Amino acid sequence: MRAVLMAGGSGTRLRPLTCDLPKPMVPVLNRPIAEHIVNLLRRHDINEIIATVHYLPDVMRDYFQDGHEFGVQMTYAVEEDQPLGTAGCVKNVEELLDKTFIVISGDGITDFDLTAAIAYHREKGSKATLILTRVLNPIEFGVVITDATGRIVRFLEKPSASEIFSDTVNTGTYILEPEVLQYLPTDCECDFSKDLFPLLLEKGEQMYGYIAEGYWCDVGHLEAYREAQYDALDRQVAIEYAYEEIKPGLWVGANTYIDETAQIETPALIGSNSRVGARTRIEAGTVIGDNVTIGADADLKRPIIWNGSIIGDEAHLRACTICRGTRIGRRAHVLEGAVVGPLSSVGEEAQISPMVRVWPSKKVESGAILNMNLIWGQIAKRNLFGQRGVSGLANVDITPEFAVKFGAAYGSTLKLGARVMVSRDQRSISRMVSRSLIAGIMSVGVDVENLEATAIPLARSVAPTLDVVGGIHVRVHPDRADRILLECFDHNGINIHKSKEKKIEGAYFKEDLRRAKIDEIGDMTYPSQSIEIYSKNFAQHLNIEAIRNSNAKVVIDYAYAVSGAILPQLLAKFGCDAVVLNASLNQRVSSVEEREGMLTQLGQVVEALRANFGAQVSANGEQLVLMDESGSPIRGEMLTALMVSMTFTAHPRSTVVVPVHTSSAVEQIARRHDGKVIRTKANPTALMEACHTSPNVSLGGSGEMGFIFPQLHPGFDAMFCIAKLIEMEMLQGRSLGQLRSELPRVYHRRQTARCPWTAKGALMRYMVETHPPETIQLVDGVKVCEPQSDNWVLVLPDAGEPVVHVFVNSEDRSWVDEQLRNYRARIQKFVERHQGGDLETLDD
């Protein structure tokens, strides 16, 4: 007799187990489900097997080949274009089925007596015999009713609770006569239970049900998958074990080493070529694959561990599934029902919470707590907040589900009934995320002032007037068009402190989320005077008379930013002739190349119109690049020096605040005007706090981050910067080109070097220990300064990537080049020596 093994399913309910395996090839006791079925067929003298395959067909063909090693003859029928359904795939091989044959599903574990079922089929003269079994909960299966003779009189595929009329269900195994296939169309998707069997019933064909004794488990979901393993270990099903039973209930493969101090409860199964470390505890029900390494002091309570996995020292695994080639770090916890997909890694002391699924080739960082499925992103981080807020790939890392939970975590750190502000840029993705964020905030009993699409400088400016305890701004990341950035700020509009970030992260990862009663759910209102408040503050901090007398002409490229809706109104009030480019809100800049092309266009327009200058605004109103009157760009360190020079000219003996890596040109300019320079950590929050708390600050920021005018509000503001430039250019009587030519000449270069996270701390310590203490500054990173000069080298670890940045500053170009080579070589040698990896360097 021939058998048709239906092996085409992709097993979506078993994901991520089936991301790179067809469902019949998922292992049970370290052997594919399909192999257990083949063994069952062979035991009942069914040696010719036709496997119908569709999803990843080569996996099964490569494993079984012609079936010779398994004592059968295997052939394969591939559903090339589309899946044909349970009956359609059998119809597809009709020419091979000229006698009674058996159809068996490739996703179940069973030990049914197929010989007895076939004898029953022949005794009854049946055209189709369904092998049935009785189950406690038939909702997931096709229910069948037979009469006293065993003839099928009614069946229903996967009934609802109200439709259950029997506990006898279809197991997906059928004994058929070839003529029943004539009822099926050719090359068309059709199903046995939905199409063929109802038709046979309608035609009055002889169709019987054989109620089988024995074990049957439909491995249709992850819980059933684990239960099938445990049942097989408990000998509830008669299957062939792949390894020698070295003592009752303990099967161990060849060439496997088990430390004598390891404790193993039975039943358990350990594959070939595996290692079990000292003092490891293995509880009954544990399945360990081939080529698996278990570290010392690990605690394994009924996990299913696939081939090639590495389990670190003191790891804790609880009734979870660890797929092929996965690495579990030292002291990591993977809890009940969790699944870690193939080739993933879980860092030291990380935790994967119950029922969480991690898709293939993902990374969970050391110390991270993963409470939700990791599907689309590449990494689960131990921290939510980076150098500037929370960022991630749009609709991959930052999803509606994430935003709801983050909003609830943020709100749970506030008092019940508190009020916060939410704003965003004009992008559709930001609208989606902000709405989800608001839902989460309101769910924990916090009220929301929704500013909707608003430039972030405006949002920071109006925060103190709205009686809010803080706010969140949602926008496309200023440096990555494919990422979303969430920035949280306090009641003054300043980015929240690290301690507050840690509280939000704690609530998020521990899921310590408040649940408000129905009458406590937060309210949402829409402030109506935001633009008016900002405009009033804007005008109060400018010399309006000077601007009106300037007769200035400026060209402003809004780069499709939301600020385009605000700045024209503000400048028009001051009598400025503003030429606007790219102000549409229905378009967006999708690449760096496109932005550079727009910048070139801006320079051409400035020169053609003989404008005073041009400005390209970005980052939702925070950052800008200038064009002088000749159409030449001013940005980066040159823009920082220009703004510092003009500000000190307007406000001598004042203070400016800049990031630690800014060039020494700012100190040279400050000395000309008896001014003071404060350097801070290289992140926006540090700049805002220093500008807010330090006395006599006239300017903060940099050309890279944007500029802060503390008298207006504590955040970066490109719009106010443009107006201030018009004022200062008029009062100082010099063009931007002239002012630029007078700036100090300083050589300032930067390189980025790859450096593993685990090497960063040791590298910084090495830098400190190998330089005289009097030459070192530790504002942020390690800065090595030459005495009595502006020469310095800064090694600055990146807050969000496994890299370090090397900044070198001097008036001597050759010294800069030499020090870059020197420090690049030192860092590379250190990392290679201590981490054993290559260090790739990238010159900016």
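To keep things clear, this report deals only with the structure shown in the data block. Since this is a predicted model, take the numbers as computed values, not measurements.

### Points about the pattern of salt bridges
Oppositely charged side chains are able to pair whenever their charged atoms sit close together. Following the criterion strictly, the structure yields 36 salt bridges and no others. Taking the shortest distance from any N to any O, the salt bridge between Arg388 and Glu622 comes out at 3.3 Å. Here Arg388 is found in the loop between strand S37 (385-386) and strand S38 (389-393), whereas its partner Glu622 is found in the loop between strand S46 (613-618) and strand S47 (623-627), with 234 residues between them in sequence. With a relative accessible area of 14%, Arg388 lands in the buried category. Here Glu622 falls in the buried class, since its relative accessible area comes to 0%.

### Overview of the packing of helix H7 (residues 400-412) against helix H10 (residues 498-509)
Between H7 and H10, the least distance of the axes is 8 Å, while the angle of their chain directions is 125°. It follows from the interaxial angle that H7 and H10 lie oblique. Crossing of H7 over H10 shows right-handed handedness. Residues Phe402, Lys405, Phe406, Ala409 and Tyr410 of H7 form the contact with H10, whose participating residues are Ile504, Ala507 and Tyr508. Among the residues making up the contact of H7 with H10, the classes are represented as seven nonpolar, no polar and one charged.

### Focus on the pairing of strand S44 (residues 553-557)
Taking burial as the measure, the five residues of S44 include four buried ones, the bulk of the element. Where S44 and strand S45 (residues 577-581) come together, five bridges link them in parallel fashion. Considered in S45, the bridge of Val555 is made with Val579. For S44 and S46, the ladder comprises four bridges, and the chain directions are parallel. Note that in S46 the partner of Asp557 across the bridge is Gln616.

### Describing the sheet that holds strand S41 (residues 470-476)
The sheet built from seven strands is open, its strands ordered S37-S38-S42-S41-S39-S40-S43 with mixed pairing. Two strands close off the open sheet at either side, each with one partner strand: S37 and strand S43 (524-525). Bridging between S37 and S38 involves two bridges; their strand directions are antiparallel. Each residue of the ladder has a partner; that of Phe385, found in S38, is Val390. Across the face of the sheet, helix H8 (residues 428-443) comes into contact with strand S39 (419-424), strand S40 (447-453), S41, strand S42 (483-490) and S43 while running at roughly 155° to S41.

What counts, and at which threshold
Throughout this description, residue numbers start from 1 for each chain and increase along the sequence as written. At least 70 in pLDDT is required for a residue's local features to be given in this predicted model, at least 80 for side-chain atom pairs to be given and counted, and no such filter applies to totals for whole chains, interfaces and linings, which use all residues. To obtain the side-chain values, all non-hydrogen atoms of the structure were used and water was disregarded. Any Lys or Arg side-chain nitrogen located within 4 Å of an Asp or Glu carboxyl oxygen qualifies as a salt bridge. A run of DSSP states H or I qualifies as a helix once it reaches four residues; a run of E qualifies as a strand once it reaches two. Both are numbered from the N-terminal end. Working definition: with a 1.4 Å probe on protein chains only, accessible area under 20% of the residue-type maximum means buried, over 50% means exposed, and in between means partly exposed. Axes, fitted as lines to C-alpha atoms, cover a helix only where it is in contact. Angles between the N-to-C directions of the axes lie from 0 to 180 degrees. Here is the rule for angles: anything less than 35 degrees is roughly parallel, anything more than 145 is roughly antiparallel, 65 through 115 is roughly perpendicular, and the remaining ranges are oblique. With the far helix as reference, a near helix turned anticlockwise by less than a right angle produces a left-handed crossing, and one turned clockwise produces a right-handed crossing. Working rule for contacts: check all heavy atoms of both residues, and any pair within 4.5 Å makes them a contact. All amino acids are sorted into three groups, where Ala, Val, Leu, Ile, Met, Phe, Trp, Tyr, Cys and Pro are nonpolar, Asp, Glu, Lys and Arg are charged, and the leftover types, Gly among them, are polar. One requirement defines pairing of two strands: DSSP has to find at least two bridges between them.

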